[in-house]
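# A closer look at the structure
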Amino acid sequence: MELTLPDLQEKLKSWDGCALSKNANPVLGEGNHNADVLFIGEAPGKKEDELGRPFVGSAGKFLDELIESMGWKRSDVYISNVVKYRPPDNRDPTPEEKAECMPWLMLEIAIIKPKVIVPLGRHSLGHFFDKLSISDAHGHPQPLTDDVTIFPIYHPAAAMHNGGLRQALHDDFAQLKIVLDSQGIAPPTE
(Lines give C-alpha, C1' and ligand atoms only; values in the text may rest on other atoms or scores of the structure.)
Protein backbone atom coordinates (compact mmCIF):
# COMPACT_ATOMS: atom_id res chain seq x y z
CA MET A 1 0.00 0.00 0.00
CA GLU A 2 1.35 3.40 -0.98
CA LEU A 3 1.86 6.01 1.73
CA THR A 4 -0.33 9.11 1.32
CA LEU A 5 -0.09 12.60 2.80
CA PRO A 6 -3.12 11.99 5.08
CA ASP A 7 -1.32 8.82 6.35
CA LEU A 8 1.76 10.93 7.03
CA GLN A 9 -0.35 13.53 8.88
CA GLU A 10 -1.76 10.83 11.14
CA LYS A 11 1.65 9.30 11.84
CA LEU A 12 3.16 12.71 12.68
CA LYS A 13 0.49 13.29 15.36
CA SER A 14 1.84 10.42 17.44
CA TRP A 15 5.56 10.85 16.62
CA ASP A 16 7.81 11.91 19.47
CA GLY A 17 11.21 11.66 17.77
CA CYS A 18 11.87 15.38 18.19
CA ALA A 19 12.06 17.07 21.60
CA LEU A 20 10.02 20.00 20.20
CA SER A 21 6.99 17.68 20.01
CA LYS A 22 6.62 17.83 23.80
CA ASN A 23 5.60 21.52 23.75
CA ALA A 24 4.28 22.15 20.25
CA ASN A 25 1.69 20.86 17.83
CA PRO A 26 2.70 18.94 14.69
CA VAL A 27 2.48 20.95 11.47
CA LEU A 28 2.78 18.94 8.27
CA GLY A 29 2.60 20.64 4.91
CA GLU A 30 -0.59 21.35 3.00
CA GLY A 31 -1.79 22.06 -0.48
CA ASN A 32 -2.04 20.25 -3.78
CA HIS A 33 -0.95 16.63 -3.26
CA ASN A 34 0.19 16.47 -6.91
CA ALA A 35 1.84 19.91 -6.97
CA ASP A 36 4.59 20.63 -9.45
CA VAL A 37 5.87 23.35 -7.09
CA LEU A 38 6.79 22.75 -3.44
CA PHE A 39 7.67 25.62 -1.09
CA ILE A 40 9.72 24.72 2.00
CA GLY A 41 10.10 27.04 4.97
CA GLU A 42 12.08 26.59 8.14
CA ALA A 43 9.67 25.81 11.02
CA PRO A 44 6.17 26.71 12.20
CA GLY A 45 5.67 29.97 14.07
CA LYS A 46 3.14 30.84 16.78
CA LYS A 47 0.11 31.08 14.46
CA GLU A 48 1.09 27.89 12.62
CA ASP A 49 1.47 26.03 15.91
CA GLU A 50 -1.98 27.24 17.04
CA LEU A 51 -3.74 26.32 13.79
CA GLY A 52 -1.68 23.26 12.82
CA ARG A 53 -1.11 24.70 9.32
CA PRO A 54 2.04 26.05 7.63
CA PHE A 55 2.45 29.70 6.65
CA VAL A 56 -0.76 31.16 8.08
CA GLY A 57 0.73 34.15 9.93
CA SER A 58 1.94 37.41 8.43
CA ALA A 59 4.77 35.70 6.50
CA GLY A 60 2.19 33.26 5.12
CA LYS A 61 -0.07 36.08 3.96
CA PHE A 62 2.91 37.64 2.16
CA LEU A 63 3.78 34.23 0.64
CA ASP A 64 0.18 33.91 -0.64
CA GLU A 65 0.49 37.38 -2.19
CA LEU A 66 3.78 36.42 -3.88
CA ILE A 67 2.30 33.17 -5.23
CA GLU A 68 -0.69 35.11 -6.58
CA SER A 69 1.70 37.58 -8.26
CA MET A 70 2.62 34.69 -10.58
CA GLY A 71 -1.01 34.03 -11.46
CA TRP A 72 -1.08 30.96 -9.20
CA LYS A 73 -3.09 30.21 -6.04
CA ARG A 74 -1.95 28.74 -2.75
CA SER A 75 -4.08 25.68 -3.51
CA ASP A 76 -2.02 25.06 -6.69
CA VAL A 77 1.19 24.42 -4.75
CA TYR A 78 2.30 22.47 -1.69
CA ILE A 79 3.78 24.34 1.29
CA SER A 80 5.76 22.73 4.09
CA ASN A 81 8.62 23.29 6.54
CA VAL A 82 11.86 21.48 7.34
CA VAL A 83 11.00 21.30 11.07
CA LYS A 84 7.50 20.10 11.90
CA TYR A 85 7.17 21.76 15.35
CA ARG A 86 7.55 25.35 16.53
CA PRO A 87 10.85 26.02 18.27
CA PRO A 88 10.37 27.95 21.56
CA ASP A 89 10.18 31.73 21.09
CA ASN A 90 10.47 31.23 17.31
CA ARG A 91 14.22 30.66 17.64
CA ASP A 92 16.11 29.11 14.72
CA PRO A 93 15.83 25.33 14.63
CA THR A 94 18.97 23.49 15.71
CA PRO A 95 20.84 21.18 13.32
CA GLU A 96 19.58 18.25 15.44
CA GLU A 97 15.94 19.36 15.13
CA LYS A 98 16.33 19.75 11.38
CA ALA A 99 17.92 16.30 11.11
CA GLU A 100 15.21 14.69 13.26
CA CYS A 101 12.40 16.15 11.14
CA MET A 102 14.04 15.74 7.72
CA PRO A 103 12.63 12.23 7.06
CA TRP A 104 9.11 13.72 7.21
CA LEU A 105 9.98 16.32 4.58
CA MET A 106 11.67 13.69 2.41
CA LEU A 107 8.50 11.57 2.58
CA GLU A 108 6.40 14.59 1.57
CA ILE A 109 8.72 15.19 -1.40
CA ALA A 110 8.61 11.49 -2.37
CA ILE A 111 4.78 11.45 -2.30
CA ILE A 112 4.28 14.76 -4.13
CA LYS A 113 7.10 14.40 -6.68
CA PRO A 114 7.42 18.15 -7.40
CA LYS A 115 9.31 19.42 -10.44
CA VAL A 116 10.43 22.63 -8.70
CA ILE A 117 11.34 22.88 -5.02
CA VAL A 118 11.51 26.40 -3.60
CA PRO A 119 13.54 26.56 -0.38
CA LEU A 120 12.47 29.69 1.50
CA GLY A 121 15.55 30.87 3.36
CA ARG A 122 18.84 29.41 4.46
CA HIS A 123 17.52 26.60 6.67
CA SER A 124 15.71 24.82 3.86
CA LEU A 125 18.31 25.71 1.21
CA GLY A 126 21.04 24.19 3.39
CA HIS A 127 19.46 20.76 3.10
CA PHE A 128 19.82 20.74 -0.68
CA PHE A 129 23.00 22.80 -1.10
CA ASP A 130 24.93 23.27 2.13
CA LYS A 131 27.67 25.37 0.49
CA LEU A 132 25.31 27.95 -1.07
CA SER A 133 24.28 31.03 0.85
CA ILE A 134 20.74 32.29 0.37
CA SER A 135 22.03 35.80 -0.37
CA ASP A 136 24.08 34.46 -3.31
CA ALA A 137 21.65 31.79 -4.53
CA HIS A 138 18.23 33.48 -4.28
CA GLY A 139 16.50 33.89 -7.62
CA HIS A 140 18.84 31.48 -9.43
CA PRO A 141 17.61 28.00 -10.41
CA GLN A 142 19.86 25.12 -9.36
CA PRO A 143 19.41 21.70 -11.00
CA LEU A 144 19.04 18.98 -8.36
CA THR A 145 18.34 16.08 -10.72
CA ASP A 146 17.30 15.82 -14.38
CA ASP A 147 13.69 16.16 -13.23
CA VAL A 148 13.90 18.53 -10.25
CA THR A 149 15.01 22.14 -10.04
CA ILE A 150 15.77 23.94 -6.79
CA PHE A 151 14.82 27.63 -6.88
CA PRO A 152 16.01 29.35 -3.66
CA ILE A 153 14.16 32.44 -2.43
CA TYR A 154 14.48 34.49 0.75
CA HIS A 155 12.01 33.53 3.47
CA PRO A 156 9.00 35.89 3.38
CA ALA A 157 9.50 36.59 7.11
CA ALA A 158 12.90 38.12 6.28
CA ALA A 159 11.05 40.93 4.48
CA MET A 160 9.09 41.60 7.67
CA HIS A 161 12.38 42.39 9.44
CA ASN A 162 14.17 43.94 6.46
CA GLY A 163 11.87 45.94 4.19
CA GLY A 164 14.61 46.09 1.56
CA LEU A 165 14.05 42.39 0.86
CA ARG A 166 10.43 42.91 -0.26
CA GLN A 167 11.52 43.93 -3.75
CA ALA A 168 14.02 41.05 -3.94
CA LEU A 169 11.17 38.65 -3.11
CA HIS A 170 8.92 40.14 -5.78
CA ASP A 171 11.79 39.96 -8.31
CA ASP A 172 12.54 36.35 -7.38
CA PHE A 173 8.91 35.32 -7.79
CA ALA A 174 8.86 37.02 -11.22
CA GLN A 175 11.98 34.99 -12.09
CA LEU A 176 10.37 31.81 -10.68
CA LYS A 177 7.39 32.40 -13.00
CA ILE A 178 9.79 32.64 -15.98
CA VAL A 179 11.46 29.36 -14.95
CA LEU A 180 8.08 27.62 -14.51
CA ASP A 181 6.87 28.89 -17.89
CA SER A 182 10.11 27.79 -19.58
CA GLN A 183 9.59 24.28 -18.18
CA GLY A 184 5.95 24.21 -19.24
CA ILE A 185 4.76 24.16 -15.63
CA ALA A 186 1.43 25.91 -15.16
CA PRO A 187 -1.16 25.98 -12.37
CA PRO A 188 -3.53 23.00 -12.52
CA THR A 189 -6.70 23.70 -14.48
CA GLU A 190 -9.91 23.44 -12.53
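That block above? That's the structure.
Before going into details, it helps to say that this report is about the structure given with it. Counting starts from 1 at the beginning of each chain's written sequence and moves along it residue by residue. Local features in this predicted model are restricted to residues of pLDDT 70 or higher, and side-chain atom pairs are both shown and tallied only at a pLDDT of 80 or more, whereas totals for entire chains, interfaces and linings draw on every residue. The side-chain values count all of the structure's non-hydrogen atoms but skip hydrogen atoms and water molecules.

### Things to note about the sheet that holds strand β6 (residues 149-150)
Read across the open sheet, the six strands follow the order β1-β3-β2-β4-β6-β5; overall the sheet is mixed. Among the strands making up the open sheet, the edge pair consists of β1 (30-31) and β5 (142-143). With two bridges joining them, β1 and strand β3 (residues 78-81) adopt antiparallel strand pairing. Paired with E30 across the bridge in β3 is I79. In this scheme, strands are said to pair when DSSP sees at least two bridges between them. Each helix is a run of DSSP H or I of at least 4 residues and each strand a run of E of at least 2, with the numbering of both proceeding from the N terminus.

### As for the nonpolar core
Counting 29 residues, the largest nonpolar core has F39, V118, F173 and L176 as its most contacted members. Within the residue set of this core, elements represented by two or more residues are β2 (37-41), α3 (58-68), β4 (116-119), α6 (134-137) and α8 (165-182). In terms of residue count, α8 provides more of this core than any other element does, seven residues in total. When checking whether two residues touch, look at their non-hydrogen atoms; a contact exists if any pair is within 4.5 Å. Sequence-distant contacts of L176, defined by excluding residues within four places in its chain, comprise F39, M70, V116, V118, F151 and I153. Only buried Ala, Val, Leu, Ile, Met, Phe, Trp, Tyr and Cys residues count toward a nonpolar core, and they belong to the same one when joined by side-chain atoms within 4.5 Å. Each residue is assigned to one of three classes by its accessible area relative to the maximum for its type, calculated with a 1.4 Å probe on protein chains only: buried under 20%, partly exposed between the two thresholds, exposed over 50%. The next biggest cluster of nonpolar side chains, apart from the first, holds 25 residues, and it includes L8, Y85, W104 and I150.

### So, unusual backbone geometry
Residue F55 is not a glycine yet carries a positive backbone phi of 50 degrees. With respect to the helices, strands and loops of the structure, F55 is situated in the loop between α2 (46-51) and α3. Owing to a relative accessible area of 4%, F55 belongs among the buried residues under this scheme. Backbone geometry places D89, a non-glycine residue, at a positive phi of 55 degrees.

### Quick notes on the packing of aromatic side chains
Any pair of Phe, Tyr and Trp rings, taking the six-membered ring for Trp, is counted once the centres come within 6.5 Å. Such a pair is stacked with planes under 30 degrees apart, edge-to-face with planes over 60 apart, and tilted for the rest. Applying the stated rule across the entire model yields three aromatic pairs. Between F39 and F173, the ring centres sit 5.8 Å apart and the planes meet at 10 degrees, which makes this aromatic pair stacked. Note that F39 is positioned in strand β2 and F173 in helix α8, a separation of 134 residues in sequence. Overall, F39 belongs to the buried group, its relative accessible area being 0%. Relative accessible area serves as the criterion here: at 0%, F173 is assigned to the buried category. Counting every residue linked through ring pairs, the aromatic cluster contains W15, Y85 and W104. For a ring to carry a charge above it, either NZ of a lysine or CZ of an arginine must fall within 6 Å of the ring centroid while also lying within 35 degrees of the normal to the ring plane. Lying across the ring of F62, R166 places its NZ or CZ 4.1 Å from the centre.

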